[in-house]
Amino acid sequence: MTTTIANRGLPAAEDIVGPTPGQQLRRRIFGHRGLMIGGGILVIMFLMALTAPFLAPHDPYFQELLARVKPPVWTTGEWKHVLGTDQLGRDYLSRIMYGAQISLLIGFAAAFISGVIGTTLGVAAGYFGGRVDMVVTFLITVRLSMPVVLVALAVVALIGGSLTVVISVLGLLLWDRYAVVMRSATMQIRQMDYVAAAKAVGCSTPRILLTEIMPNIMNNLIVVATLEMAHAILLEAALSFLGMGVQPPLPSWGLMVSEGKDYILFEAWMITIPGVALFLLVLAINLVGDGIRDVTAPENRN
Amino acid sequence: MSAVLEVSGLTVDIPVPSGDLHAVRGIDFSVDKGETLCIVGESGCGKSLTSLSIMGLLPKRAKVSADRMHFVGTDLLGMKERELAAIRGNRMAMIFQEPMTSLNPAYTIGNQLMEPLIRHKNASDKEARDRAIYLLERVGITAAASRLSQYPHQLSGGLRQRVMIAMALMCDPELIIADEPTTALDVTIQAQILHLLAELRKEFNSALILITHDLGVVARVADKVAVMYAGKIVEAGTVDEIFNQPLHPYTQGLINCIPVPGKTARGSRLGSIPGIVPTLIGDIKGCSFRNRCAFAHGECDTKDPFHTLSPGRGYRCTLDVPACEANAKELVSA
Amino acid sequence: MLVYTLKRLFLALLVAMTVSAITFSLTYLAGDPAISMAGETASDADIEYIEKLYGFDRPIVVQYFEWALNAFRGDFGESYYFRIPVADLLLERLPVSMTLGVSAISFAILLSIPLGVLAAMRPNSLLDRLALGISVVGQAMPSFWFALVLIVMFAVWYPIFPTTGSETWVHFVLPTIVLGYYATPAIMRLTRTGMLEVLGSDYIRTARAKGLPQHVILFKHALRNAVIPVVSLAAVQFGFMLGGSIVIESIFALHGAGYLAWESIGRNDLPVVQAVVLVFSLFYIVLTFLSDLLNAWLDPRIRVG
């Protein structure tokens, strides 16, 4: 006799037509409040940095000595200087806009340099294991035991502060988390059957690393990169605040807080404005990082 | 005989993104003192959820309801968490599927074994320790006294499951629920553990509900059998009734899947049940097995009646008993 | 356990030696230390004199070992600026930094572990959202800015706490909040995810099946397992805090080692800077070593190998 495998009106789990993976991903992205808010702020910051040369109302370095420490427009200020002026009469809004360039540049560049170092070390340790792993783990431990702020301050002070120096120092110091995360991610992937399969058909090690390992640790890499970008931006601000980072007259937000701190008792807005700008930028980057993690690995939520 | 556990009309619903998953759809069963009830079915049929709902261990979002769920005369459903906790581990105990992860890695075997007795019977450390040693010996663990200070990670899976069994027996429970206790173990260990369970059940004269997907296990230890499919009981009866006179085509199919030495001809194909389980999200109209049933007909699309032949014996099908028996013969010869 | 301890100890010593070498090399980062010390107008003879005086003319390896051995004995040389032994300076300043570090990590732990546990017990509840908010804000807020905001609030609007100095415990309140809050997000997040993971584990189901009361399940069976990774993190954060104390100490004018290091960096007082870097690193190494031991004690899978 023949067996009928007709459904007879009984839907199987597979028969429930769900959204395609692409639709699901889109839905997750747009349904993720943190990602949307963070992404929105980040886009605004980018636009601010990019359009500063065209849209900034004033030259950020021009000192209008007769118009020093003018309050922003919502207190008693004028529309000429929407966010007021600093202790040298420079337009605050213009400096904030140009400051976004510095923060973003430092964030990206430092996260990139440290990303290259950390990923190389981490992937090597995770993939080759054994001695390589021991050496890398040792390097990570050494790096973690050096106090970052202190070492960065000392080095910047010894070599002299400039944008390049700050970027290089931060890039050379912040690779530890990349290495830690990439190492464990690579270790997990290395044990997968498809890596064994690639080895079995005779793929070369670089090829396996590039086509089998890298694509599968990309999510982790992006998430760490956002974290480190935020970290680098905060550190630069702290260094500049302490006077050992980006040097005046560059409009670094950390430097602006530092320059405004003599006025905090009466003109609190002078530290509030750059502080809020920093807070929002770092918040946005963190939200985007968390969002990417949630969206790409929804099973990890909660 | 008085029933230790009586359940009727039990349903378990789990909210999922695309609606409610009706995992258990109104089932009835009971176990008496000294009896072993096997609940059989493939994974996802709701048998584990049934056992967890009796223990009150389902996550909060799962919705449990029943017409009746009585444990030795008291209603389990109306109980507060605190009252339930006083029964759990004391008068009813559970053995889980995963011995490797079911013990807390941070505490010694002894500490974890002694806990229920100290908590429920106000036992002293000494009493609890003596009982733990006694039970470890009973479940066949050598050097029991020295095992007490060992940690779970120092024991093999089989030993850990023995510890879990000993733990379940600590307070001399009236009901033991074992949810696939041997699935995660090696085949040789499986037989030992089952044998042990059956033996201890007799010795302690408690009721045992054994959840399994393995009919071979059922044949060896069960008194009563309930076959579950897609959240419902499709056939119930004593172990003899189920094996000698399977009425539901699913039961018949399951039995057909077991090779019988001497009977199953060399080289002949083992039975299998074609098709897949329907989704349990949303309502199912008619018989939920009809898409896999060789004897399905028009009536099955709308009707799904349960016939009670005698107390504790019944099946769920649109066909009558003679027709079902004829189907069984046809399946065997096919 | 003994083998484990010895292995960790060996590793810690190796790390300490490497760190000290890196710290020592700071001397040469700025070029010839004799030239920078003598100043730009110095003659060749002056430089030569300084090289002889400080031993800069000898091979670097010899200089390093001499420095490291002296440091090991507690002799970090003499401050270029104060002209007194660096060790004396450190002994005077370190207690302030340690007090700040201990109170800050205590503040962070007392805030973040209960919040993380409560948040994990009721995911998506109001409390969980509050905890998430605290951690998101804490991660994004520049600590130096937060410190200034607190100064404005408590010096101008509600003058409750002093904002400079380190004489009494009251002086430590604001710095503790700022520095402690910095470590809170990471610890809280790890506690929450760890607790969530543990609460969903099979052995918690076993504990519930045994009929144990809620508080025993939470505090005996769940928290101990969830807290194991938190211990390491807290140790790491404590180490980071000492490094971060440089910012906080300089804002609140707390006369600790961080403040000393910042001032010394400005004064090119290298022996002091090196000593602080080395001491902070060694402290971190000791901390992580101790946290490894604590972990082994908490987690029998490490202890009983």
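Residues numbered from 1 in each chain as written. Chains lettered and ligands numbered in written order. Predicted model: local features only at pLDDT ≥ 70, side-chain atom pairs only at ≥ 80, totals over all residues. Heavy atoms only, no water.

**Q** Describe the pairing of strand 3 (residues 36-40) of chain B, listing the residues and the values that go with them.
**A** Residues and elements named next belong to chain B. Counting buried positions along strand 3 gives five out of five residues, so the element sits mostly inside the fold. In the sheet, strand 3 pairs with strand 9 (residues 207-212) via five bridges, with the strands oriented parallel. What sits directly across from Leu37, in strand 9, is Ile209. When strand 3 meets strand 10 (residues 224-229), the two strands line up parallel, connected through four bridges. Paired with Cys38 across the strands is Val225, a residue of strand 10. (Buried < 20%, exposed > 50% of the residue type's maximum accessible area, 1.4 Å probe, protein only. Helix = DSSP H or I, 4+ residues; strand = E, 2+ residues; numbered from the N terminus. Pairing = 2+ DSSP bridges.)

**Q** Can you lay out the side chain of His70 of chain B for me, pointing to particular residues and giving the numbers?
**A** Mapped onto the elements, His70 of chain B comes out in strand 5 (residues 68-71). When near neighbours in sequence (up to four residues on either side) are disregarded, His70 of chain B contacts Val4, Leu5, Glu6 and Asp75 of chain B. (Contact = heavy atoms within 4.5 Å.)

**Q** Can you lay out the interface of chain A and chain C for me, pointing to particular residues and giving the numbers?
**A** Frequently, the measure chosen for interface size is the accessible area that the parts lose on association. Facing 41 residues of chain A, the contacting portion of chain C comprises 47 residues. Taking both sides of the interface into account, the surface hidden between chain A and chain C amounts to around 3,700 Å²; carbon and sulfur atoms contribute 81%. The interface formed by chain A and chain C contains one salt bridge. Residue Asp290 of chain A pairs with Arg189 of chain C through a salt bridge whose shortest N-O separation is 2.9 Å. (Buried area = accessible area lost by both parts, 1.4 Å probe. Salt bridge = Lys/Arg side-chain N within 4 Å of Asp/Glu carboxyl O.)

**Q** Can you explain the environment of Pro142 of chain C? Please cite residues and give values.
**A** In this structure, Pro142 of chain C sits in the loop between helix 6 (126-140) and helix 7 (143-157). Along the backbone, Pro142 of chain C and Val178 of chain C are 36 residues apart, and their C-alpha atoms lie at a distance of 9.8 Å. Not counting the four nearest positions on each side in its chain, Pro142 of chain C is found in contact with Leu234, Leu278 and Phe279 of chain A.

**Q** Summarise the nonpolar core; cite the residues concerned and give the values.
**A** Counting 174 residues, the largest nonpolar core has Leu170 and Trp253 of chain A together with Phe76, Leu90, Phe144, Ile251 and Phe252 of chain C as the members making the most contacts within it. Ranked by residues supplied to this core, first place goes to helix 10 (residues 214-252) of chain C with 19 residues. Excluding residues within four positions of it along the chain, Phe76 of chain C makes contact with Ala71, Val86, Ala87, Leu90, Pro271, Ala275, Leu278 and Val279 of chain C. (Core = buried A, V, L, I, M, F, W, Y, C linked by side-chain atoms within 4.5 Å.)

**Q** Can you explain helix 7 (residues 187-204) of chain B? Please cite residues and give values.
**A** All names here are of chain B. When the terminal C-alpha atoms of helix 7 are compared, their 26 Å separation across 18 residues agrees well with the 26 Å that a helix rising 1.5 Å per residue should span. Along helix 7, the positions that sit buried rather than exposed are Gln190, Ile193, Leu194, Leu196, Leu197, Leu200, Arg201 and Phe204. The buried side chains of helix 7 occupy one side of the element, clustering within an arc of 160 degrees when seen end-on. Set apart from the buried face of helix 7 by more than 90 degrees, the exposed residues are Thr188, His195 and Lys202. (Expected span 1.5 Å × (residues − 1). Arc of directions from axis to C-beta.)

**Q** Lay out the confidence of the model for chain A with the relevant residues and their values.
**A** Residue and element names in this part refer to chain A. Scored by pLDDT, chain A has a mean of 85; 92% of the residues are at 70 or more. Mean pLDDT in chain A bottoms out at helix 1 (residues 21-31), which sits at 77, and peaks at helix 3 (residues 92-128), which reaches 93. Below a pLDDT of 50 lies the segment residues 1-5, which in the model reaches eight contacts outside its immediate sequence neighbourhood of four places, other chains included. Within the model, the stretch residues 298-302 combines pLDDT values under 50 with six contacts to residues more than four positions away or in other chains. (pLDDT = per-residue confidence, 0-100.)

**Q** With reference to specific residues and values, describe the pairing of strand 11 (residues 232-238) of chain B.
**A** All names here are of chain B. Among the seven residues that make up strand 11, six are buried, leaving the element largely enclosed by the rest of the structure. Summarising the sheet, strand 10 and strand 11 pair through six bridges and their orientation is antiparallel. Bridge pairing in strand 11 links Val225 to Gly237. Taken together, strand 10 and the strand that follows it, strand 11, pair antiparallel across an intervening segment of two residues, in which Ala230 is found at a positive phi of about 50 degrees. As paired elements, strand 11 and strand 13 (residues 313-316) share two bridges and run antiparallel to each other. From the neighbouring strand, Glu235 faces strand 13, where its bridge partner is Tyr315.

**Q** Residues and numbers for unusual backbone geometry, please.
**A** Residues Pro248 of chain A and Pro249 of chain A are joined by a peptide bond in cis, for which omega reads 10 degrees. Note on placement: Pro249 of chain A falls in the loop between helix 9 (205-241) and helix 10 (253-260). For Asp172 of chain B, which is not a glycine, the phi torsion comes out positive at approximately 55 degrees. Among the secondary structure elements, Asp172 of chain B is positioned in the loop between helix 6 (157-169) and strand 8 (175-179). What makes Asp172 of chain B partly exposed here is its relative accessible area of 42%.

**Q** Can you break down helix 10 of chain C residue by residue, with the values?
**A** Residue and element names in this part refer to chain C. With 39 residues, helix 10 extends just 44 Å between its outermost C-alpha atoms, more than 12% less than the 57 Å of an ideal straight helix rising 1.5 Å per residue. Of all the bends in helix 10, the greatest measures close to 45 degrees and is centred on Leu223. Most of helix 10 is tucked away: 31 of the 39 residues are buried. Just beyond helix 10, the residue with positive phi is Ala253, at close to 50 degrees. (Bend = angle between axes of the 7 residues up to and from the residue.)

**Q** Please provide a residue-by-residue account of the environment of Val62 of chain C, values included.
**A** Residues and elements named next belong to chain C. Its location among the elements puts Val62 in helix 4 (residues 60-72). What makes Val62 partly exposed here is its relative accessible area of 41%. Separated by 170 residues in sequence, Val62 and Ser232 place their C-alpha atoms 36 Å apart.

**Q** Could you give an account of the sheet that holds strand 3 of chain B, naming the residues involved and the relevant values?
**A** Residues and elements named next belong to chain B. Taking strand neighbours across the sheet as the criterion, the eight strands line up as 7-8-9-3-10-11-13-12 in an open arrangement whose pairing is mixed. Two strands lie at the open edges of the sheet, namely strand 7 (92-95) and strand 12 (306-310), each paired on one side alone. Each strand axis lies, on average, 20 degrees off the axis of its neighbour in the sheet, ignoring direction. Across four bridges, strand 12 lies against strand 13 in antiparallel orientation. Looking at strand 13, one finds that Thr308 is bridged to Gly314. This element, helix 10 (residues 249-256), spans strand 3, strand 10 and strand 11 of the sheet and lies at about 105 degrees to strand 10. (Axes fitted to C-alpha atoms, helices over the stretch in contact; angles between N-to-C directions.)

**Q** Can you tell me about the pattern of salt bridges, naming the residues and giving the values?
**A** Tallying each qualifying case throughout the model produces 32 salt bridges over all chains. Among the salt bridges present, the one from Asp176 of chain A reaches Arg143 of chain A, with a minimum N-O distance of 3.3 Å. A residue pair is termed long-range when its members are at least 10 positions apart, and Asp176 of chain A in helix 7 (residues 176-190) and Arg143 of chain A in helix 4 (residues 130-145) qualify at 33 residues. We classify Arg143 of chain A as buried; its relative accessible area is 6%. We note a salt bridge from Glu180 of chain B to Lys47 of chain B, for which the minimum N-O separation is 3.2 Å. Taken together, the positions of Glu180 of chain B in the loop between strand 8 and helix 7 and Lys47 of chain B in helix 1 (residues 47-55) put the pair 133 residues apart, joining distant regions of the chain. Three or more residues joined by partner-sharing salt bridges are found here, namely Asp290, Arg293 and Asp294 of chain A together with Arg189 of chain C.

**Q** Before we move on, could you go through a nonpolar patch on the surface and cite the residues and values that matter?
**A** Taken together, the side chains of Leu265 and Phe266 of chain A together with Val156, Trp157, Tyr158 and Ile160 of chain C make up a nonpolar region of the molecular surface, amounting to roughly 720 Å² of accessible area. Its location among the elements puts Leu265 of chain A in the loop between helix 10 and helix 11 (269-296). (Patch = residues over 30% accessible without salt bridge, like charges linked within 9 Å, V, L, I, M, F, W, Y side chains within 5 Å. Areas by Shrake-Rupley, 256 points an atom, 1.4 Å probe, with all protein chains shown as cover.)

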